[in-house]
Amino acid sequence: MQISARNQLSGIVKSISNGVVNSEVVVALPNGSEIVASITCESVKNLELVEGKPVVALVKAGTVLIAADLNNIKLSARNQLTGTISHIERGAVHSLVELDLGNGLGLSASITVKSAEELNLCAGQKATAVFKAGAVILGVAA
């Protein structure tokens, strides 16, 4: 599969909580972190999702925010993955921030150059990637 979503994280379905219209799917990643996806109940059925099934979580870099310090701050965004900035590529308007999550996992965020400058982001710095459960698309092997 070739897809434009920069973040493609393989994992295993840990749990599924079904609602009336949407379901919450928790995906366990190889580094011990978890990603929460909010998808329709119909998608859970169509993808034949069950606990233990391998999935790929897709997250566009433009939906990922970077926080340099979340101490004592509570957010409604379910996905908060902490790692170390491995690389920053600065463009004219946007910067691409690469976050090393450990165990060979990485996550990219596309943020404005101004935001990167205001946060004083640099390689080697600890940071947290933040994104909402609705920004996660799940895929399975056909």
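You'll find the structure just up there.
Let me sum up the structure you'll find in this document. The structure presented is a predicted model; accordingly, all values stated were derived computationally and were not measured. (Residues numbered from 1 in each chain as written. Predicted model: local features only at pLDDT ≥ 70, side-chain atom pairs only at ≥ 80, totals over all residues. Heavy atoms only, no water.)

**Some points on the environment of Asn79**
Of note, Asn79 is situated in strand β6 (residues 79–90). C-alpha separation for the pair Asn79 and Val130, spaced 51 residues apart in sequence, amounts to 5.6 Å. Excluding its chain neighbours within four sequence positions, the residues that come into contact with Asn79 are Glu34, Ile35, Val36, Ala129, Val130, Phe131, Lys132, Ala133 and Val136. One polar contact links the side chain of Asn79 to the main-chain amide nitrogen of Val36, over a distance of 2.6 Å. (Helix = DSSP H or I, 4+ residues; strand = E, 2+ residues; numbered from the N terminus. Contact = heavy atoms within 4.5 Å. Polar contact = N/O pair within 3.5 Å; in protein donor to acceptor, adjacent residues only side chain to side chain.)

**Section: the sheet that holds β6**
Strand order in this open sheet of five strands is β5-β9-β6-β7-β8, and the pairing throughout is antiparallel. Strands with a single pairing partner mark the edges of an open sheet, and in this sheet they are β5 (65–67) and β8 (105–112). On average, each strand axis in the sheet is tilted by 45° relative to the strand beside it, whichever way the strands run. Note: β6 against strand β9 (residues 126–131), six bridges, orientation antiparallel. Bridge pairing in β9 places Asn79 opposite Phe131. (Pairing = 2+ DSSP bridges. Axes fitted to C-alpha atoms, helices over the stretch in contact; angles between N-to-C directions.)

**Topic: the environment of Ser108**
For Ser108, the location among the structural elements is in strand β8. Not counting residues within four places of it along the chain, the set of residues in contact with Ser108 comprises Arg6, Asn7, Ala61, Val64, Leu96, Val97 and Glu98. In this structure the side chain of Ser108 is engaged in a polar contact, spanning 2.7 Å, whose partner is the side chain of Glu98.

**With respect to the pattern of salt bridges**
The full count for this structure, using the stated rule, is three salt bridges. Close ionic contact of Lys14 with Glu34 constitutes a salt bridge, the shortest N to O distance being 2.3 Å. One end of the pair, Lys14, is in strand β1 (residues 7–18); the other, Glu34, is in strand β3 (residues 34–40), and 20 residues separate them in sequence. The exposure class assigned to Glu34 is partly exposed, which follows from its relative accessible area of 34%. Between Glu118 and Lys114 there is a salt bridge whose closest N-O contact spans 3.8 Å. Remark: Lys114 and Glu118 occur in helix α2 (residues 113–118); sequence separation between them is four residues, near one turn of the helix. (Salt bridge = Lys/Arg side-chain N within 4 Å of Asp/Glu carboxyl O. Buried < 20%, exposed > 50% of the residue type's maximum accessible area, 1.4 Å probe, protein only.)

**Thoughts on the side chain of Ser95**
Along the chain, Ser95 turns up in strand β7 (residues 94–102). Note on Ser95: relative accessible area 1%, which makes it buried.

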